[in-house]
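Chains, contacts and geometry: an overview
Take a look at the letters that make up each chain.
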Amino acid sequence: MAEIEQISDQRLIKGARARATIARRAADVASVEGLTGLSLGRLAGDLGLSKSGVATLFGTKENLQLAAVRAAREIFVEHVVKPALAEPEGMARLRAIVDNWFDYISEPVLPGGCFRVATTAEFDSRPGPIRDAIDADRRDWFALLEKEISRAQSQGRLAGGDARALAFQLDAIVAAANTGARLGDEAAVPTARTIVEGLLG
């Protein structure tokens, strides 16, 4: 019985690793070609796996797309949010988040740059589970920015501004910098940094 349980556990671990590898590759591809460009066959070919094996793990293209959204979110949190949590709440943490965010688009972890920027435009007018997942991620991101902005305001910084409006401005500026950088505009990120520095004072 113990042997059977061990074999079962090993299969589960192997399956989880395979799903994570495929989801990460899906996020890479979608950052460049969009979520609609994903296919089970494409991912199988990229990773040297059988299409049936990928289909067994994900079932449908939609499940693969959702896995890509989750993987990209995890990557973003790992590189932008988590390192900033070591900073004190409020202004210091907000600045750390923004700095990490600029680093994230300046030396992109995903080949297409910011996954959120690429996929939001792709699915903003397409109702369904993919749009819902992207929208939920965007709302969580805005909530985080607003929370740290509000904390900074309670510390006497960024006084007189609306937290939601400032979060919107920060997101729009960095998104524009990401797009400019992907198009080869070397001034995009430095220009955006200057604008953000003016906003944060």
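Just so you know, these numbers come straight off a predicted model, no measurement behind them. (Residues numbered from 1 in each chain as written. Predicted model: local features only at pLDDT ≥ 70, side-chain atom pairs only at ≥ 80, totals over all residues. Heavy atoms only, no water.)

So, about the packing of helix H8 (residues 163-182) against helix H9 (residues 188-200). Contact geometry of H8 with H9 gives a least axis separation of 8 Å together with a crossing angle of 170°. On the basis of their axis angle, the class for H8 and H9 is roughly antiparallel. Contacts from Leu166, Gln169, Leu170, Ile173, Ala177, Gly180 and Ala181 in H8 reach Ala188, Val189, Ala192, Ile195, Val196, Leu199 and Leu200 in H9. (Axes fitted to C-alpha atoms, helices over the stretch in contact; angles between N-to-C directions. Helix = DSSP H or I, 4+ residues; strand = E, 2+ residues; numbered from the N terminus. Parallel < 35°, antiparallel > 145°, perpendicular 65-115°, else oblique. Contact = heavy atoms within 4.5 Å.)

Tallied over the entire structure, the rule returns 15 salt bridges. The salt bridge partner of Asp140 is Arg73, with a shortest N-O separation of 3.1 Å. Taken as a pair, Asp140 in helix H7 (residues 129-154) and Arg73 in helix H4 (residues 61-81) lie far apart in primary sequence, 67 residues in all. Judged by its relative accessible area of 34%, Arg73 is partly exposed. The shortest N-O distance in the salt bridge between Arg116 and Asp137 comes to 3.0 Å. Remark: Asp137 occurs in helix H7 and Arg116 occurs in helix H6 (residues 115-123); sequence separation between them is 21 residues. The class of Asp137 is buried, set by a relative accessible area of 13%. (Salt bridge = Lys/Arg side-chain N within 4 Å of Asp/Glu carboxyl O. Buried < 20%, exposed > 50% of the residue type's maximum accessible area, 1.4 Å probe, protein only.)

Now for unusual backbone geometry. A positive phi angle, close to 55°, is found at Leu158, a residue other than glycine. Residue placement: Leu158 occurs in the loop between H7 and H8. A relative accessible area of 15% means that Leu158 is categorised as buried.

This part covers the UniProt feature "domain: Tetracyclin repressor-like C-terminal" (unreviewed entry) in the protein chain. The feature "domain: Tetracyclin repressor-like C-terminal" (unreviewed entry), as given by UniProt, occupies residues 90-194 in the numbering adopted here. In this annotation, residues 90-194 is assigned 74% helix and 0% strand; the end-to-end C-alpha distance for the span is 20 Å. (UniProt positions renumbered as here; feature names shortened; annotations may be inferred.)

Turning next to the packing of aromatic side chains. Taken as a whole, this structure holds 4 aromatic pairs when the rule is applied. Centroid distance Trp101 to Trp141: 4.8 Å. Interplanar angle 80°. Geometry classified as edge-to-face. On the criterion of sequence distance, the pair formed by Trp101 in helix H5 (residues 91-106) and Trp141 in helix H7 is long-range, its members being 40 residues apart. On the accessibility criterion, Trp141 (3% relative accessible area) is buried. With a centroid separation of 6.4 Å and an interplanar angle of 50°, the aromatic rings of Phe142 and Phe168 are classed as tilted. (Phe/Tyr/Trp six-rings, centres within 6.5 Å; stacked < 30°, edge-to-face > 60°.)

Checked against the element boundaries, Arg95 lands in helix H5. Along the primary structure Arg95 and Leu49 are separated by 46 residues, whereas in three dimensions their C-alpha atoms are 42 Å apart. Setting aside residues up to four positions removed in sequence, Arg95 forms contacts with Glu197, Leu200 and Gly201. Within the local environment of Arg95, its side chain forms a polar contact with the side chain of Glu197, the two groups lying 3.1 Å apart. (Polar contact = N/O pair within 3.5 Å; in protein donor to acceptor, adjacent residues only side chain to side chain.)

Taken together, the buried positions of helix H2 (residues 40-47) are Leu40, Leu43 and Ala44. The buried residues of H2 occupy one face: seen down the axis, they fall within an arc of 100°. Gly48 sits one or two residues past H2 and shows a positive phi near 70°. (Arc of directions from axis to C-beta.)

Along the polypeptide, Arg93 turns up in helix H5. Residue Arg93 is classed as buried on the basis of its relative accessible area, which comes to 12%.

Attention shifts here to the environment of Ser50. Looking at the secondary structure, you find Ser50 in the loop between H2 and helix H3 (51-58). Under the relative-accessibility criterion, Ser50 is labelled partly exposed at 40%. Residues Ser50 and Asp28, 22 residues apart in the sequence, show an inter-C-alpha distance of 19 Å. In terms of polar contacts, Ser50 uses its side chain to reach the backbone amide nitrogen of Gly53, at 2.9 Å.

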